[in-house]
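Spelled out from the first residue to the last, the chains are:
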Amino acid sequence: MMTNGVVHANLFGIKDWVTPYKIAVLVLLNEMGRTGEGAVSLVERRKLNQLLLPLLQGPDITLSKLYKLIEESCPQLANSVQIRIKLMAEGELKDMEQFFDDLSDSFSGTEPEVHKTSVVGLFLRHMILAYSKLSFSQVFKLYTALQQYFQNGEKKTVEDADMDREDAERQMEKEELDVSVREEEVSCSGPLSQKQAEFFLSQQAALLKNDETKALTPASLQKELNNLLKFNPDFAEAHYLSYLNNLRVQDVFSSTHSLLHYFDRLILTGAEGKSNGDEGYGRSLRYAALNLAALHCRFGHYQQAELALQEAIRIAQESNDHVCLQHCLSWLYVLGQKRADSYVLLEHSVKKAVHFGLPYLASLGIQSLVQQRAFAGKTANKLMDALKDSDLLHWKHSLSELIDISIAQKTAIWRLYGRSTMALQQAQMLLSMNSLESVNAGVQQNNTESFAVALCHLAELHAEQGCFAAAAEVLKHLRERFPPNSQHAQLWMLCDQKIQFDRAMNDGKFHLADSLVTGITALNGIEALEAAIENLNEAKNYFAKVDCRERIRDVAYFQARLYHALGKTQERNRCAMIFRQLHQELPSHGVPLINHL
């Protein structure tokens, strides 16, 4: 079978196959071995060694792109590779046959050029083995594909040479020659081998987590994932990356579909069951239910989330899986955090997480407790002491993501308590930090949600002090760092709308402020509602102190309407019951606010 110049037999039976691109990489390796130590400087040799790993693991790229990458590291070697490929492509089939025969000499002798167990050695052996398994017709198709690959590369090289120097410099500034997986690279390749697919999936997943702007666009990434799944429908990891990709664009149907397929394939392929037997099967089921609950909770489907969570708890209890139960306990708090006794559940969750050695969950629990107590009016020094304890967990276990979250949390708390100077200090500290995880080729800065939150705080702090030009500059940077189609873009869009709303209110432009409310509602429809419920709770407490039951009845009615709009059935029914009891006790003519509705 042949697809886009890729000759392969059974996709599920082999892990690597020969492609024209891989022949070009083999030529590079062969030339590196033939070149003496004096011909290539130490700096050039180091650059070539750094270039090899992404070339071996990454997807196929165009020949012109490969020439540029080699030329950046060692121009002399790039010229040798180009001549060698040209002689092979413009020669005869026997030239390619002779080339593969000569590759075996790399392992011969008392001091071979390549060790068999090295990364390069394993790649050479895989290519030699894959080539030897090809039939004559497949070898001929491979040679034809090599000729076409060379011709396309030569055509692109000629086009680049005809460009003006000014255009060439502009193009070089625009392109990033760092061997990252980009759209034009992936589109030129056929079906990826297993190693290439695993590298592609891990790289894209890391970029989605740390720097979404460097990942493929949602449409392009989904296209490549569909291509992977077309050749291997049971590739569980591809389904999971599809789930993450659909979350970027808030596609609830497709993300649910991909998540369920991921766990189905995980069970069918035996990835869980090989080591754990029947236990692996049950583990997949309970974590599938848990992830489904988290997905529904993210999209605001709280009833479906609660049902899925109950299923996860039931299966985890049957299997006596305390770790899964601890995760379920954390999500129970998320679903019921508006309840009055939710802090008890959260404290219990933190203690259990520490007991079972789950620092990530313990830290998230502490963060939630601090946030809850901040809204309850606790003093700032006690909150900062609690965050200090969580920071010790972060640094001890190198939880870089939670370090960022903790600093963003401190920024928000200082703003809540009116300490703008301290809030600015925390925000600047987060923005000047480097991530503990290398994102891409030595780049150690990430574009996570915490960074977006910190920048939004900076913009709002400058706007509160009347520095609207500075706030606009921060928002401009946010637009560049988190484009409108990225998953964290909603944060700065909401921040921009709020700043404009406050300016319009201060200027007395109420018609403009009213139009901005529509935009704020579109970005966060439940926020003009949750804030109203909190205000009504405060009003109800004041009315209760003076025993004004008629007003308490009105508050209960309004809260029931708001909970109904939010889809929170239990809270709506509770407020409706309070209203009904008071309505039966009090005379009906005393309902002026309701009569106005």
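Because the structure is a prediction, the values reported are computed rather than measured.

Attention shifts here to the pattern of salt bridges. Taken as a whole and assessed by the stated rule, the structure comprises 15 salt bridges. A salt bridge links Lys-209 to Glu-401; the shortest N-O distance between them is 3.9 Å. Taken as a pair, Lys-209 in helix 10 (residues 194-210) and Glu-401 in helix 21 (residues 400-416) lie far apart in primary sequence, 192 residues in all. With relative accessibility at 40%, the residue Lys-209 sits in the partly exposed group. Taking the shortest distance from any N to any O, the salt bridge between Arg-248 and Glu-212 comes out at 3.0 Å. With Arg-248 in helix 12 (residues 236-248) and Glu-212 in the loop between helix 10 and helix 11 (218-231), this residue pair connects regions lying 36 residues apart in the sequence. Accessibility assignment for this pair places Arg-248 and Glu-212 in one class, buried. Connected through shared salt-bridge partners, Glu-311, Arg-314 and Glu-318 make up one network.

What follows is about a negative patch on the surface. Residues Asp-101, Asp-102, Asp-105 and Glu-113 make up a contiguous surface patch of negative charge. Among the residues examined, Asp-102 registers a relative accessible area of 31% and is labelled partly exposed.

Once that is clear, we can look at the packing of helix 5 (residues 93-103) against helix 6 (residues 119-132). Where helix 5 meets helix 6, the axes come as close as 10 Å, and the angle between the chain directions of the two elements is 135°. In terms of their interaxial angle, helix 5 and helix 6 are classed as oblique. At the point where helix 5 passes helix 6, the crossing takes the left-handed sense. Two secondary-structure elements touch here, helix 5 through Met-96, Glu-97, Phe-100 and Leu-103 and helix 6 through Leu-124, Met-127, Ile-128 and Tyr-131. Class assignment for the residues of the contact of helix 5 with helix 6 results in seven nonpolar, no polar and one charged.

This part is about unusual backbone geometry. We note that Gln-250 has phi near 60°; this positive angle belongs to a residue other than glycine. With respect to the helices, strands and loops of the structure, Gln-250 is situated in the loop between helix 12 and helix 13 (252-268). Since its relative accessible area comes to 41%, Gln-250 is described here as partly exposed. Notably, Ser-398 is not glycine yet its phi reads approximately 55°, a positive angle.

Conventions adopted
- Within every chain, residues take consecutive numbers counted from 1 along the sequence as written.
- Note on the predicted model: pLDDT of at least 70 is required for a residue's local features to be given, and 80 or more for side-chain atom pairs to be given and counted; whole-chain, interface and lining totals, by contrast, use all residues.
- To get the side-chain values, take all heavy atoms of the structure and skip hydrogens and water.
- When a carboxyl oxygen of Asp or Glu is within 4 Å of a side-chain nitrogen of Lys or Arg, the pair counts as a salt bridge.
- Runs of H or I in DSSP of at least four residues are treated as helices and runs of E of at least two as strands, each being numbered from the N terminus.
- Here's how the labels work: a residue is buried when its accessible area is under 20% of the maximum for its type, exposed when over 50%, partly exposed in between, all with a 1.4 Å probe on protein chains only.
- Without a salt bridge and with relative accessible area above 30%, a residue can belong to a patch; like charges are then joined within 9 Å and nonpolar side chains (Val, Leu, Ile, Met, Phe, Trp, Tyr) within 5 Å.
- Per-residue and other accessible areas follow the Shrake-Rupley method at a 1.4 Å probe size, with only the shown protein chains counted as cover for residues.
- In summary, the charge assignment counts Lys and Arg as positive and Asp and Glu as negative, without counting His or the chain termini.
- A charged residue contributes its charge at one atom only: NZ of Lys, CZ of Arg, CG of Asp or CD of Glu.
- Interaxial angle, 0 to 180 degrees, is taken between N-to-C directions of lines fitted to C-alpha atoms, where a helix line uses only the stretch in contact.
- Relative orientations are named as follows: roughly parallel for angles under 35 degrees, roughly antiparallel for angles over 145 degrees, roughly perpendicular for angles from 65 to 115 degrees, and oblique for any other angle.
- Crossing handedness is read from the near helix: turned anticlockwise from the far helix by less than a right angle, it gives a left-handed crossing, and turned clockwise, a right-handed one.
- Here, two residues are considered to be in contact whenever any of their heavy atoms come within 4.5 Å of each other.
- Residue polarity follows a fixed list, in which Ala, Val, Leu, Ile, Met, Phe, Trp, Tyr, Cys and Pro are nonpolar, Asp, Glu, Lys and Arg are charged, and the others, Gly among them, are polar.

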